[in-house]
Amino acid sequence: MQYISEVSGKGQEIDRVKEQLLQSNPVLEAFGNAKTHRNDNSSRFGKYMDIEFDFRGDPVGGVITNYLLEKSRVAVQMNGERNFHVFYQLLAGADIDTLKALKLSRNHDNYEYLLRSGCSQVDSMNDKENYRITTKGMQIIGFQDEEIFSTFELIATILKLGNLEFIHRGNLDGTDGCEINSKYEMEDVCELVDYPVDLMTAALTQKSVETRGDRVTVALNTADATYARDALCKAIYSRLFSWLVSRINDSIKVKGRVQTKVMGVLDIYGFEVFERNGFEQFIINYCNENLQQLFIELTLKEEQEEYVKEGIEWIHVEYFNNAVICDLIEKNNVGILAMLDEECLRPGKVTDSTFLNKLNQTCCNHLHFESRGCRKNQSDRSLPHDAFRLRHYAGNVTYHVTGFVEKNNDLLFRDLSRAMYSCGHPLLKKLFPEASPEEVRGYTYQQWSPLPMLPDNEGNPEKKNRKRPATAGSQFKLSVAELMKNLQSKNPNYIRCIKPNDGKVAGVFDVHLVKHQVRYLGLMENVRVRRAGYAFRQLYSQFLYRYKMLAPQTWPQWKGEPVDGVKVILSALNISKEEMAFGETKIFIRNPRTLFDLEERRRERMHGLAVDIQKTWKGYRQQKLYKKMKISQIVIASRFRCFWARKCFLKKKKSALIIESYARGMKARKLLAQLREERRIYLAAIVIQKYARGWRVRKNYRKLFRKNAAPKIIRYLRIALRKRFLLRLRDNLPSESPSFKDWPKCSWLYKEASEELRQIFHKWRCRNYRQKFNQSEQWSMQEKVAASDLFKGRKATYRRSVPHPFKGDYLNLQQNLKWKKLCEQTHDKYMVFADIVMKINRANGKMVQQLFVISTQAILIIDHRTMSVKYRIPVSQIRSISLSPFLDKLVFFHLKKQDNGDILSKKGDFIFSSDHVIEIVSKAYLLIKNISEKPPDVIIATQFCAEFKGSNLEVTFKQTPITPELSPGAVRIQRKGSHFEVLVQPRSAQTSISTDTLNGDSKQHAQVAVN
């Protein structure tokens, strides 16, 4: 590419195209290359670029085709290798503001996908500088700033998704489920892709299964959820890479209809042999087998066949033909890829071991296949039991079958595809077009509810497809076949890269390694064919057309047979017969020096012909110029005489006009002086009359004017000022939002009226704001106000609860049949709150999951498995509620003492732990206040008293030293006699936030709604 840029022409458009073609390389390397054991900048994808040239040989555009990106590297890398370069470039090169907007930090160890391989730095690479080169290249190619930022947002999303942790959770129906433990990471992911947290959580922890027209939602266990997360990350990265290639093609493609010639450049991964080879190495080596077969056919087989076809005397050169290995891999029905696809599609339990057994049964007798399951290799201890060995053209390679079936399937759950299409991120909609708008229309989520049930006729018919997607192996097989077909239609030239050593060290030449590469690449056979054959061949007609000017008999036109014309040319040039051979249709030249001599003589002859053409053309052009100059001289002379006569006439006319204008000016000035004198006398008389009349009026009305005029003027001014104040106030009224405090400024004269009008306006807009709420929303806002009054500045977890609405029923318990029967028995029909909480054992501090329900009459503690009531606490029995000011989620309910031997009085106070502790206390506070007409005491302190089974205990909350392994808010409970000690994990310094501040607008809106 650099060579083409240097030798091609210049120009604004040509330079732009060359720069875009050059800059496409570092961009694709950043997203498609990675460090491996053999190469610090190894291509993990195949690239074929067609560069198009115009008739002058200047590049005017190109098209890039990519093959098999190793997307599994996104989630898993071998020890000592790295993920794709762009992850490290983004963390090292992006500025602080960009990293903050992407929710990232510079430390590689904070991201699971970059930490697994144990290698994050490479001495030979500068990730910070490479990031600058990558972003600059994207801008030069034509990426908009929004597109670049959207691309990096998806890279950040993949890193954040890799940090998600899934923990086991038992469902109400007894099945195994999971939930996401990394809630902050989940919130960052959803903010980056603009998607609700609850919907994304459902897509990652559940899947929809269609059976005979019905759709069933199944909860995923931790292993399945981890697989779904990794599959989603790989799909996002793979589709993002394909979009980048497509976007680059849009920028570098040829604009307009231009006749071009194409030069294709294939840059693809070489033959790979590692200590442990998997599915990726198998696919890569399969591609290299096909390329080697094409090389053999074009350079060895076809060339020797051409000599025989043309009747040239030739001794056949033997070579290794690896077509048998290609058939072993890709042959229909019995090839390795065909059997792998058949195993993936087979019903029942399918594992990598069953695939290996199938290979042993089918390929056991093949000369290039070895496995411990074959009789011929049962005693070969160098071959593991879970692997098979192929004898490639480059040597024997052992492939471990672990992961073959999974990587070949490469399935992405449809629920995740729909979720990605539903995201507000503009680029994700382009990357996941198969999820149609009808499939995601109107989709809302509730806890334990399945994904939307869609009829079969919904969806975009152009993009909707219920069939199983093609496997990775079959897709790559089709891509390789298309690549081979494209290469066979071209005239290929090969560049063979010889690796000097395995240590990536300069100045070291491993002779044994180099000999091995020369041998398996077939270079020895190629050299023997070239040495024994002919360096140049061409059709007789083409040779005659190119060199006919070298003989007088063939110039300018030869009318006989082309072969006779060629013989005449070679005879005229005295070329030895040993240097050439005549075939049936072509002339063969053995030595390149002979061809160079022909080209040199042609160049000299073309120079002489060019001189003759120039001589004739210059004479014709000079003759034509002389005739044109003679006609021009006649025209110029006539035009000049006309110009001179006209110039003299205009000069005389101008002089006459000047004399006439001076005479008229003198006469006009005399008349003007006379008119000015008359006007001055007239105005002086009017002034004298005005002053006389004014003096007479002032003399007669002086007393009346001083008595009555002043009050009227003052009253008029006051009315005008009041009117101006009201009009300005009308034109500058503030916003109708109740939280908006600004008010137009006014004069101190109207300060009292302005304040009265401000209060009237505020009451009016508050009434309008309240009228927008229904009864449910007013009650919800009242709960938010109560939470603010109780916890603002007093509880550390309050601030995080402000932006989240109080849902109440987090389990959709109203639809549960067991609850409907239970509420009829307990007469607790109206439910205020329901969620799974942790009940604290008052004896030893251990936690047990219980279903916590608040109704309008009582608090119910229910076994969530059997739906049986453990305790029913009437609301009127609650005396007070206690909490700590720290990050813990504990709440103490203190009950009134009863002398009638009630079981609740014997048990004493209750302790619960819940993520919604703010909501529980706010709802209980308002409920008790409405029933008892007296609010309960809400105690927020680090030390208070509680009663457990008739004995009083002192409860103390303490903050422990910061422990990185524990999340903020984690508690450890210890009971020592009459002391109940709770140790709380504080928030780290890097993530600490102030609990003394709260968004004022939220509380103002809430107070307005309640009022």
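Residues numbered from 1 in each chain as written. Predicted model: local features only at pLDDT ≥ 70, side-chain atom pairs only at ≥ 80, totals over all residues. Heavy atoms only, no water.

Trainee: An account of the overall build of the protein chain is requested, with residue identities and associated values reported.
Mentor: In terms of helices and strands, the protein chain carries 31 helices and 27 strands. Contacts in the protein chain between residues at least 24 apart in sequence constitute 63% of all its contacts with a sequence separation of at least 6. Accessible surface computed for the protein chain: about 58,800 Å², of which carbon and sulfur atoms make up 53%. (Helix = DSSP H or I, 4+ residues; strand = E, 2+ residues; numbered from the N terminus. Contact = heavy atoms within 4.5 Å. Areas by Shrake-Rupley, 256 points an atom, 1.4 Å probe, with all protein chains shown as cover.)

Trainee: I'd like a description of the sheet that holds strand β26 (residues 971–976), backed by residues and values.
Mentor: Where strands meet in a sheet, backbone hydrogen bonds hold them as pairs that are either parallel or antiparallel. Judged by pairing direction, the sheet is mixed, and its 4 strands sit side by side in the order β24-β25-β27-β26 without closing on themselves. In the strand order of this sheet, the two ends are held by β24 (943–948) and β26, each with one partner. Pairwise comparison of adjacent strand axes, ignoring direction, gives a mean angle of 25 degrees for this sheet. The pairing of strand β25 (residues 951–959) with strand β27 (residues 979–984) spans 6 bridges and is parallel. Across the sheet, T956 pairs through a bridge with E981, a residue of β27. (Pairing = 2+ DSSP bridges. Axes fitted to C-alpha atoms, helices over the stretch in contact; angles between N-to-C directions.)

Trainee: Just give me the short version of the packing of helix α3 (residues 85–93) against helix α7 (residues 145–162), but keep the residues and values in it.
Mentor: Running from amino to carboxyl end, α3 crosses α7 at an angle of 100 degrees, the nearest separation of the two axes being 11 Å. For the element pair α3 / α7, the angle class is roughly perpendicular. Between α3, through V86, F87, L90 and L91, and α7, the contact on the second element is made entirely by F152, I155, I158 and L159. Here the residues of the contact of α3 with α7 are counted per class, giving 8 nonpolar, no polar and no charged. (Parallel < 35°, antiparallel > 145°, perpendicular 65-115°, else oblique. Nonpolar A, V, L, I, M, F, W, Y, C, P; charged D, E, K, R; others polar.)

Trainee: Report on the confidence of the model for the protein chain, specifying residues and quantitative values.
Mentor: In this model, the protein chain carries an average pLDDT of 82, and 89% of its residues clear a pLDDT of 70 or more. In the predicted structure, residues 437–462 sits below a pLDDT of 50 and forms 53 contacts with residues beyond four places in sequence or in another chain. Scored below 50 in pLDDT, residues 989–1011 shows 42 contacts in the model against residues more than four places distant or in partner chains. (pLDDT = per-residue confidence, 0-100.)

Trainee: Kindly report on the nonpolar core, identifying the contributing residues and their values.
Mentor: Residues F31, F87, L104, M200, L204, Y237 and M420 are the most contacted members of the largest nonpolar core, which totals 79 residues. The dominant element in this core, judged by the number of residues it contributes, is helix α10 (residues 222–252), at 14 residues. In this structure, M420 is in contact with M200, L232, I236, L428, K429 and F432, ignoring residues within four places of it in sequence. Within the second largest apolar cluster, 46 residues are counted, among which are F369, F388, Y520 and L523. (Core = buried A, V, L, I, M, F, W, Y, C linked by side-chain atoms within 4.5 Å. Buried < 20%, exposed > 50% of the residue type's maximum accessible area, 1.4 Å probe, protein only.)

Trainee: Could you give an account of the packing of aromatic side chains, with specific residues and numbers?
Mentor: Summed over all chains, the structure comprises 33 aromatic pairs. Their ring planes at 35 degrees and their centres at 5.6 Å tell us that Y131 and F152 sit as a pair that is tilted. On the criterion of sequence distance, the pair formed by Y131 in helix α6 (residues 127–141) and F152 in helix α7 is long-range, its members being 21 residues apart. Both residues of the pair, Y131 and F152, count as buried. (Phe/Tyr/Trp six-rings, centres within 6.5 Å; stacked < 30°, edge-to-face > 60°.)

Trainee: Run through unusual backbone geometry, naming residues and quoting values.
Mentor: For residues other than glycine, phi is negative in most cases, and the peptide bonds are mostly trans. Residues W555 and P556 are joined by a peptide bond in cis, for which omega reads 0 degrees. With a phi angle near 60 degrees, H827 is a residue other than glycine that sits in the positive phi range. Among the secondary structure elements, H827 is positioned in the loop between α28 (817–826) and β16 (831–840). Using a relative accessible area of 66% as the deciding quantity, one classes H827 as exposed. Within the chain, E933 stands out as a residue other than glycine whose phi angle is a positive 60 degrees.

Trainee: I'd like to hear about the sheet that holds strand β23 (residues 937–940), residue by residue, with values.
Mentor: If you walk across this open sheet you meet the 8 strands as β19-β18-β17-β16-β22-β21-β20-β23, and the pairing is mixed. Both outer strands of the open sheet, β19 (868–874) and β23, are each paired with one neighbouring strand and no more. Across the sheet, the axes of successive neighbouring strands diverge by a mean angle of 30 degrees, strand direction being ignored. For β16 and strand β17 (residues 847–855), the ladder comprises 9 bridges, and the chain directions are antiparallel. Residue pairing for β17: A834 is matched across the bridge by V853.

Trainee: Give me a nonpolar patch on the surface: which residues, what numbers.
Mentor: Among the surface-exposed residues, F640, F643 and W644 lie close enough to one another that they form a single nonpolar patch of about 360 Å² accessible area. Mapped onto the elements, F640 comes out in helix α24 (residues 592–731). (Patch = residues over 30% accessible without salt bridge, like charges linked within 9 Å, V, L, I, M, F, W, Y side chains within 5 Å. Salt bridge = Lys/Arg side-chain N within 4 Å of Asp/Glu carboxyl O.)

Trainee: Quick rundown of the environment of V258? Include the residues and the values.
Mentor: Counting through the fold element by element, V258 comes out in the loop between α10 and β9 (261–267). Judged by relative accessible area, V258 falls into the partly exposed class, the value being 43%. Separated by 206 residues in the primary sequence, V258 and E52 place their C-alpha atoms 9.9 Å from one another.

Trainee: Can you tell me about the pairing of strand β22 (residues 910–913), naming the residues and giving the values?
Mentor: Residues F910 and F912 of β22 are buried on one face, and the alternating residues I911 and S913, pointing to the opposite face, are buried as well. Pairing of β16 with β22 involves 2 bridges; the strand directions are antiparallel. Considered in β22, the bridge of K839 is made with F912. Where strand β21 (residues 890–895) and β22 come together, 4 bridges link them in antiparallel fashion. Looking at β22, one finds that F892 is bridged to I911.

Trainee: Can you explain the pattern of salt bridges? Please cite residues and give values.
Mentor: Applying the stated criterion across every chain yields a total of 34 salt bridges. The residue R418 makes a salt bridge to D415 at a minimum N-O spacing of 3.8 Å. Note that R418 and D415 are positioned in helix α16 (residues 414–422) at a spacing of 3 residues, about one turn of the helix. Residue class for R418 comes out buried when judged on its relative accessible area of 6%. When the shortest N-O distance is used, the salt bridge between D915 and K889 registers 2.7 Å. Taken together, the residues D915 in the loop between β22 and α30 (917–932) and K889 in the loop between β20 (878–883) and β21 connect sequence positions 26 residues apart. Overall, K889 belongs to the partly exposed group, its relative accessible area being 30%.

Trainee: Can you tell me about α30, naming the residues and giving the values?
Mentor: Taking 1.5 Å per residue, 16 residues should reach 22 Å; α30 reaches 22 Å between its end C-alpha atoms and fits that length. Of all the 16 residues making up α30, 12 are buried; the element is thus mostly covered by neighbouring parts of the structure. Listed in full, the buried residues belonging to α30 are V917, I918, E919, I920, V921, S922, K923, A924, Y925, L926, L927 and I928. Phi turns positive, to about 60 degrees, at E933, one or two residues after α30. (Expected span 1.5 Å × (residues − 1).)

Trainee: Describe in detail α10, supporting the description with residues and values.
Mentor: Taking 1.5 Å per residue, 31 residues should reach 45 Å; α10 reaches 45 Å between its end C-alpha atoms and fits that length. For α10, the buried fraction is high: 22 of the 31 residues fall into the buried class. Residue N221 occupies the N-cap position of α10, its side-chain oxygen lying 3.3 Å from the main-chain nitrogen of A223. (Polar contact = N/O pair within 3.5 Å; in protein donor to acceptor, adjacent residues only side chain to side chain.)

Trainee: Give me the lowdown on the pairing of strand β18 (residues 858–863), citing residues and values where you can.
Mentor: The two faces of the sheet receive side chains in turn, since in a regular strand these alternate between them. Of all 6 residues making up β18, 6 are buried, and the element is well covered by its neighbours. By the alternation rule, side chains of β18 split into A858, L860 and I862 and I859, I861 and D863, which are all buried. Hairpin connection, β17 to β18: the antiparallel pair is bridged by 2 residues. The pairing of β18 with β19 spans 6 bridges and is antiparallel. Its bridge partner being in β19, A858 is matched across the sheet by P874.

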